[in-house]
Amino acid sequence: MATDDTTTDLVEIQQLLARYAVTITQGDMDGLLAVFTSDGTYSAFGDTYPLADFPALVAAAPKGLFLTGTPVIDLDGDTATGTQPLCFVDHATHDMRIGYYNDTYVRTAEGWRLRTRAMTFIRRSGAHDSGRPHAFERPTV
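Note that the coordinates shown come from a computational prediction; the quantities given were computed from them, not determined experimentally.

1. So, the confidence of the model for the chain
Item 1. For the chain, per-residue confidence averages 91 on the pLDDT scale, and 91% of positions sit at 70 or higher.
Item 2. Mean pLDDT across the elements of the chain bottoms out in strand β8 (residues 128–129) (83) and peaks in strand β4 (residues 72–76) (98).

Here is the structure:
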């Protein structure tokens, strides 16, 4: 049975993930960045992207609705891991992409934050993979 602290942590993480889905759907980059730790990363398309790449990565991605399901979360003190199902609906075509996120979370002074989020796509064939290389190209420095 969950303690009050456990329930509070689970609700806070679920709200964090809801903010991720709503902010990315609405194109709110500041809100999206705020759900991650400063060293947060996103993995998909055969690569891992640091937080600094998020604005350009999101700009290069299709726009649409991010529908996320209730995550399975395993708490371990001030850290946690989780998996959350996703259905993305493209705004222009209403084509869907389905899959799930594998996450790590950490409790910070500002509350729970995503440290890592890794996307796995589920293909029509039934295969699960991290996706094809993305249209996004990192700027050269």
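What follows continues from the structure just given.
2. Remarks on the environment of Asp90
Item 1. The residue Asp90 is located in strand β5 (residues 79–90) in this model.
Item 2. Along the primary structure Asp90 and Ile24 are separated by 66 residues, whereas in three dimensions their C-alpha atoms are 13 Å apart.
Item 3. Excluding residues within four positions of it along the chain, Asp90 makes contact with Pro62, Lys63, Gly64 and Asp95.

3. Focus on the packing of aromatic side chains
Item 1. Inspection of every chain in the model, using the stated rule, returns six aromatic pairs.
Item 2. Ring centres of Tyr42 and Phe54 lie 6.2 Å apart, and the angle between their planes is 90°; on these two criteria the pair is classed as edge-to-face. Here the residue Tyr42 occupies a position in strand β1 (residues 36–44), and Phe54 occupies one in helix α3 (residues 54–60), the gap between them amounting to twelve residues. When sorted by exposure, Tyr42 lands in the same class as Phe54, which is buried.
Item 3. Here Arg117 stacks its cationic end above the ring of Tyr20, 4.4 Å away from the centre of that ring.
Item 4. The side chain of Arg117 reaches across the aromatic face of Tyr101, ending 3.7 Å from its centre.

Procedures and definitions
Residues numbered from 1 in each chain as written. Predicted model: local features only at pLDDT ≥ 70, side-chain atom pairs only at ≥ 80, totals over all residues. Heavy atoms only, no water. pLDDT = per-residue confidence, 0-100. Helix = DSSP H or I, 4+ residues; strand = E, 2+ residues; numbered from the N terminus. Contact = heavy atoms within 4.5 Å. Phe/Tyr/Trp six-rings, centres within 6.5 Å; stacked < 30°, edge-to-face > 60°. Buried < 20%, exposed > 50% of the residue type's maximum accessible area, 1.4 Å probe, protein only. Lys NZ or Arg CZ within 6 Å of the ring centre and 35° of its normal.

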